[in-house]
Amino acid sequence: MEWAFAIAFGAMVLICPLMMIGMMVGGWLFGRRSGGSVHSGHGMMMCHGMHGSREGDSPSVDELKAERDRLDREISESERRLTTGDVHG
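In this text the structure is predicted, and so the values were computed from the model without any measurement.

Visitor: Now, about the packing of aromatic side chains: what can you tell me, with residues and values included?
Guide: According to the stated counting rule, one finds 1 aromatic pair in the structure shown. Plain terms: the ring middles of F5 and F9 are 6.3 Å apart, the flat faces sit at 20° to each other, and that makes the pair stacked. Linking F5 with F9, this pair stays in helix α1 (residues 2-35), spanning 4 residues, or about one helical turn.

So, in structure tokens, the structure goes:
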């Protein structure tokens, strides 16, 4: 009976890291395909701490304003769809 525990424990030790890597890669691939951007979902959550780490990587004020305008348009469109009942777009 001890061998059954050893086999189960060994399988978990081997399978869990492989599943984690597979899910990260799958999320990255499918996240890019569905949204066209790395930040469209949870595809690259692990690299969020690296943004802005170098001096020249920070976005400009114009880029931030453009992103805010884009998000405002998306929010307005989503609210319009909710109020009209057209949830499928």
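Visitor: So what's going on with the pattern of salt bridges? Which residues, and what values?
Guide: Going through the model one piece at a time under the given rule, you end up with 3 salt bridges. Measuring nitrogen to oxygen at the nearest pair gives 2.2 Å for the salt bridge that ties E74 to R70. Of the two residues, E74 and R70 both sit in helix α2 (residues 61-84), 4 residues apart, roughly one turn of that helix. For E74, a relative accessible area of 42% translates into the label partly exposed. You can call R70 partly exposed: its relative accessible area is 32%. Residues E77 and R80 are paired through a salt bridge, measuring 2.5 Å at the closest nitrogen-oxygen approach.

Calculation criteria
Residues numbered from 1 in each chain as written. Predicted model: local features only at pLDDT ≥ 70, side-chain atom pairs only at ≥ 80, totals over all residues. Heavy atoms only, no water. Phe/Tyr/Trp six-rings, centres within 6.5 Å; stacked < 30°, edge-to-face > 60°. Helix = DSSP H or I, 4+ residues; strand = E, 2+ residues; numbered from the N terminus. Salt bridge = Lys/Arg side-chain N within 4 Å of Asp/Glu carboxyl O. Buried < 20%, exposed > 50% of the residue type's maximum accessible area, 1.4 Å probe, protein only.

In short, shape yes, function no, at least from these values alone.
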